[in-house]
Amino acid sequence: MSAALKLPMPQFPTPKFQLGSAGLTEWKETLAAYPNWADWAPHEFVTLANACRCTDEVARLSAELEATTDHKKRRQIRADMLAAMNAHRQQMRELALADAPEDTRPPIISGRYR
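This one's a predicted model, so the numbers in the text were calculated from it and none came from an experiment.

Calculation notes
Sequence order as written defines residue numbering, which begins from 1 separately in each chain. pLDDT decides what is reported in this predicted model: residues at 70 or higher carry local features, side-chain atom pairs at 80 or more are listed and counted, and totals for whole chains, interfaces and linings draw on all residues regardless. Side-chain measures were taken over the full set of non-hydrogen atoms in the model, leaving aside hydrogen atoms and water. Strands are runs of DSSP state E lasting at least two residues, helices are runs of H or I lasting at least four, and both sets are numbered from the N terminus onward. Summary of the burial criterion: residues with accessible area below 20% of their type's maximum are buried, those above 50% are exposed, and those between are partly exposed, where the area comes from a 1.4 Å probe applied to protein chains only. Cysteine sulfurs are considered disulfide-paired once they come within 2.5 Å of each other. Residue contacts are defined here by distance: any two heavy atoms, one from each residue, within 4.5 Å place the two residues in contact. Only buried Ala, Val, Leu, Ile, Met, Phe, Trp, Tyr and Cys residues count toward a nonpolar core, and they belong to the same one when joined by side-chain atoms within 4.5 Å. For this document, the term salt bridge refers to a Lys or Arg side-chain nitrogen within 4 Å of an Asp or Glu carboxyl oxygen. Any two of the Phe, Tyr and Trp rings considered here, Trp counted by its six-membered ring, make a pair once their centres fall within 6.5 Å; the pair's planes then place it as stacked at under 30 degrees, edge-to-face at over 60, or tilted in between.

**A few points about the overall build of the chain**
Here is step 1 of the chain: Within the chain one finds three helices and zero strands.
Here is step 2 of the chain: Reading the chain from its N end, one meets helices and strands in the order α-α-α.
Here is step 3 of the chain: Counting only residues that meet the buried cut, the chain has 26% of its 114 residues in that class.

Structure, rendered in structure tokens:
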């Protein structure tokens, strides 16, 4: 009889907002990708939740775009989708900057640029 080793799943905090399936999936994947999420400040979890809400909005708009045949409505849906994607990108960039080291630039080499 072989016993499989069961590792405990990490307990992620619950999001502050109600999320759909796409947003909840992104919430879990993002926290799994950042090993130091336990050290995050409370506002960083809100930032991630906002990004996950944008993911839900993009998923909702994608489904609506598939169902819509009117040209004007499709154009408006695509514009709304682009705005949601840009908001998502901005929130995730904010999280990445908060997690970055203090200074990642190489040291200045004196006399090199004249």
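**Remarks on the state of the cysteines**
Among covalent bonds in proteins, the disulfide is the one between the sulfur atoms of two cysteines.
Here is step 1 of the chain: Scanning all chains against the criterion turns up zero disulfides.
Here is step 2 of the chain: For cysteine 52, which is in no disulfide, the shortest distance to another cysteine sulfur is to cysteine 54 and amounts to 9.0 Å.

**Description of the side chain of threonine 47**
Here is step 1 of the chain: Relative to the elements of secondary structure, threonine 47 occurs in helix 2 (residues 42-67).
Here is step 2 of the chain: Classification of threonine 47 as buried rests on a relative accessible area of 7%.
Here is step 3 of the chain: Beyond its immediate stretch of four places on either side in the chain, threonine 47 contacts Gln91, Glu94 and Leu95.

**Focus on the nonpolar core**
Here is step 1 of the chain: Ranked by internal contacts, the top residues of the largest apolar core, which has 13 residues, are Trp27, Leu31, Trp40, Phe45, Leu48 and Leu95.
Here is step 2 of the chain: Looking at this core, the elements with two or more residues in it are helix 1 (21-33), helix 2 and helix 3 (71-99).
Here is step 3 of the chain: If one sorts the elements of this core by residue count, helix 2 sits on top with five residues.
Here is step 4 of the chain: In this structure, tryptophan 40 is in contact with Leu31, Tyr34, Phe45, Leu48 and Leu95, ignoring residues within four places of it in sequence.
Here is step 5 of the chain: One finds Val58, Leu65, Met81 and Ala84 within the second-largest nonpolar core, a separate group that totals six residues.

**Structural notes on the pattern of salt bridges**
Here is step 1 of the chain: As enumerated under the stated definition, the model contains two salt bridges in all.
Here is step 2 of the chain: Here the salt bridges do not stand alone but share partners, grouping Glu57, Arg60 and Glu64 into one network.

**Focus on the packing of aromatic side chains**
Here is step 1 of the chain: Taken as a whole and judged by the stated rule, the model has four aromatic pairs.
Here is step 2 of the chain: Seen in terms of ring centroids, tryptophan 27 and phenylalanine 45 are 6.4 Å apart; in terms of plane orientation they differ by 40°. Their pairing is tilted. A residue pair is termed long-range when its members are at least 10 positions apart, and tryptophan 27 in helix 1 and phenylalanine 45 in helix 2 qualify at 18 residues. Each member of the pair, tryptophan 27 as well as phenylalanine 45, is classed as buried.
Here is step 3 of the chain: With 5.4 Å between their ring centres and 70° between their planes, tyrosine 34 and tryptophan 40 make a pair best called edge-to-face.

These figures come from the coordinates and say nothing about function on their own.
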